[in-house]
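Chain residues, written in single-letter form:
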Amino acid sequence: MLIAGNWKMFRGPDPVALAGLDAVVCPPFTRLRECVEAGLTTYAQNVHWEAEGAYTGEISAPLLLELGVVGSLVGHSERRQYFGETDETVAKRARAALDAGLRVIACVGETQEQREAGETEDVLRRQLSMLEPHSELVLAYEPVWAIGTGHTATPEMAQDAHAFIKSLLDAPVLYGGSVKPDNAGALLAQPAVDGALVGGASLEVDSFKAICETAARIPS
Ligand code: PGA
């Protein structure tokens, strides 16, 4: 069971208060070092496919590894929605990061419109088609309509989507989208749910710890 906290562009909690927690944190770039120094399993929120070069505003896998960062998110829906990320660029980022020795959490998921149009499986198939299996690759199913909205997928919806994803690519699948201490238990109890990617509830020490404690109680 893997629990990852995505702090997005928020300062986030005091890393020292999370020391010893069995979880991944994805802080903003300015707090990566602090998280590494607190002994946390620290991931970036994005990573470029080139090792170095004229790519203003980007960060590379070797630069992250030098800092003690051990993984990265790629393809978060906010990157896809607001920053022009495509299935191709997500796949390039994932492949380069994995080749360089970073672990990767690659995010997929449909919008409300796509779900209502019955396109969920097509969207997931397209998003996954460019990714290749790898021992250090984890997927996150994050329905866009559930992110930051308080409208989480039901445990059954998550189970169905995860089972479909696993039928296409053999990898652990985290659920993300309004995971909170009070709904984490039911979501994580689903057999195809291998953990959670937590946004808002990872910004408070108590709620993030509560989700990690719930996860620790679920038999693997
Ligand atoms: P949320 O975000 O938990 O605030 O919905 C999840 C995510 O975007 O990773």
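Just so you know, the residues in each chain are numbered from 1, in the order the chain's sequence is written. Restriction of local features to residues with pLDDT of at least 70 applies here, the model being predicted, together with a cutoff of 80 or more for giving and counting side-chain atom pairs; totals for whole chains, interfaces and linings are based on all residues. Hydrogens and water are ignored here; the side-chain numbers use all heavy atoms of the structure.

Topic: the overall build of the protein chain
Line of reasoning, step 1. We count a stretch as a helix when DSSP gives it H or I for four or more residues in a row; a strand needs E for two or more, and each element gets its number in order from the N terminus. If you tally the helices and strands in the protein chain, you get nine helices and eight strands.
Line of reasoning, step 2. Only C-alpha atoms enter the radius of gyration, while the globule expectation follows 2.2 Å times N to the 0.38, with N the number of residues. Computed over the C-alpha atoms, the radius of gyration of the protein chain is 16 Å, within 12% of the 17 Å expected from 2.2 N^0.38 for a compact globule of 220 residues.
Line of reasoning, step 3. Dimensions of the protein chain, computed from C-alpha atoms along their principal axes, come out at roughly 40 × 35 × 30 Å.
Line of reasoning, step 4. Within the protein chain, contacts between residues separated by at least 24 positions form 64% of all contacts whose residues are at least 6 apart in sequence.
Line of reasoning, step 5. Accessibility throughout is a Shrake-Rupley quantity obtained with a 1.4 Å probe, and a residue counts as covered only by protein chains that appear here. Accessible surface, the protein chain: about 10200 Å² in total, of which carbon and sulfur atoms supply 52%.
Line of reasoning, step 6. Asp and Glu are treated as the negative residues and Lys and Arg as the positive ones, with His and the ends of the chain left uncounted. By convention, the point assigned to a charge is CZ for Arg, NZ for Lys, CD for Glu and CG for Asp. On the protein chain, the mean spot of the 17 positive side-chain charges and the mean spot of the 30 negative ones are 3 Å from each other. The contact criterion used throughout is that any non-hydrogen atoms of two residues lie within 4.5 Å.

Focus on the packing of aromatic side chains
Line of reasoning, step 1. Each Phe, Tyr or Trp ring, with Trp reduced to its six-membered ring, pairs with another whose centre is within 6.5 Å; inter-plane angles below 30 degrees give stacked pairs, above 60 give edge-to-face pairs, and intermediate values give tilted ones. Tallied over the full model, the rule gives two aromatic pairs.
Line of reasoning, step 2. Consider the rings of Tyr82 and Phe83, whose centres lie 6.4 Å apart with planes at 90°: the pair is edge-to-face. The burial state of Tyr82 is the same as that of Phe83; both residues are exposed.
Line of reasoning, step 3. Aromatic side chains Tyr141 and Tyr175 sit 6.3 Å apart centroid to centroid with 55° between the ring planes, which places their arrangement in the tilted category. Burial classification: accessible surface area is computed with a 1.4 Å probe over protein chains only, and a residue below 20% of its type maximum counts as buried, one above 50% as exposed, and the rest as partly exposed.

Observations regarding the sheet that holds strand β6 (residues 137–141)
Line of reasoning, step 1. Within the closed barrel, the eight strands sit side by side as β1-β2-β3-β4-β5-β6-β7-β8. Their pairing is parallel. Shown here is a sheet whose adjacent strand axes are inclined to one another by a mean of 25°, direction ignored.
Line of reasoning, step 2. Between N-to-C directions, angles span 0 to 180 degrees; the directions come from axes that are lines fitted to C-alpha atoms, helices contributing only their stretch in contact. Across the face of the sheet, helix α9 (residues 205–217) comes into contact with β1 (2–6), β2 (24–26) and β8 (195–198) while running at roughly 165° to β1. Any two strands with at least two DSSP bridges between them are considered paired.

A few points about the site of the ligand
Line of reasoning, step 1. Residues in contact with the ligand amount to 13 residues; listed here are only the nearest, Lys8, His76, Glu142, Gly148 and Ser178.
Line of reasoning, step 2. Residues adjacent in sequence count toward polar contacts only when both atoms are side-chain atoms; beyond that, a polar contact is any pair of N or O atoms within 3.5 Å, and within protein one must be able to donate a hydrogen and the other to accept it. Here an oxygen atom of the ligand sits 2.8 Å away from a polar atom, N or O, in the side chain of Lys8.
Line of reasoning, step 3. A distance of 2.7 Å is found between an oxygen atom of the ligand and a side-chain nitrogen or oxygen belonging to Glu142.
Line of reasoning, step 4. Contact with the protein chains removes 96% of the 280 Å² of surface that the ligand exposes when unbound.
Line of reasoning, step 5. All amino acids are sorted into three groups, where Ala, Val, Leu, Ile, Met, Phe, Trp, Tyr, Cys and Pro are nonpolar, Asp, Glu, Lys and Arg are charged, and the leftover types, Gly among them, are polar. Partitioned by chemical class, the residues of the shell around the ligand number four nonpolar, seven polar and two charged. It suffices for a single heavy atom of a residue to lie within 4 Å of a molecule or strand for the residue to be listed as near it.

Regarding the layout of surface pockets
A probe matching the size of a water molecule, rolled over the atoms, marks out where space remains unfilled.
Line of reasoning, step 1. A cavity here means a set of points on a 1 Å grid, drawn over the protein atoms and nothing else, where a 1.4 Å probe fits but cannot get out; a pocket is an open set with protein on both sides within 12 Å along at least five of seven lines, and a residue lines either one if it has an atom within 4 Å of a point. Grid points are joined across faces, edges and corners, and a volume is the space filled by probe spheres set on the points. Estimated volume of the largest pocket: approximately 450 Å³.
Line of reasoning, step 2. Together, 17 residues line the largest pocket, and Lys8, Met9, Gln45, Arg79 and Phe83 are the ones closest to its centre.
Line of reasoning, step 3. Grouping the constituent residues of the lining of the largest pocket by class yields eight nonpolar, five polar and four charged.

What to know about helix α7 (residues 155–168)
Line of reasoning, step 1. One less than the residue count of a helix, multiplied by 1.5 Å, gives the span that helix is expected to have. Helix length check: α7, at 14 residues, gives a terminal C-alpha distance of 20 Å against a target of 20 Å (1.5 Å per residue), a fit within 8%.
Line of reasoning, step 2. Within the span of α7, buried status applies to Pro155, Ala158, Gln159, Ala161, His162, Phe164 and Ile165.
Line of reasoning, step 3. In this structure, the buried side of α7 is in contact with β5 (103–108), α6 (120–129), β6, β7 (173–176) and α8 (181–188).

Remarks on the packing of α6 against α7
Line of reasoning, step 1. Contact geometry for α6 and α7: axes closest at 10 Å, N-to-C directions at 40°. Considering the angle they form, α6 stands oblique to α7. Of the two elements, α6 crosses α7, and the hand of that crossing is right-handed. On the side of α6, the interface is formed by Glu121, Leu124, Arg125 and Leu128, while α7 contributes Ala161, Phe164, Ile165 and Leu168.
Line of reasoning, step 2. Looking at the contact of α6 with α7, its residues break down into six nonpolar, no polar and two charged. Each angle gets one of four labels, with under 35 degrees taken as roughly parallel, over 145 as roughly antiparallel, 65 to 115 as roughly perpendicular, and the rest as oblique. Handedness of a crossing is defined here by the sense of rotation of the near helix relative to the far one, left-handed for an anticlockwise turn of less than a right angle and right-handed for a clockwise turn.

By themselves, these figures tell us nothing about what the structure is for.
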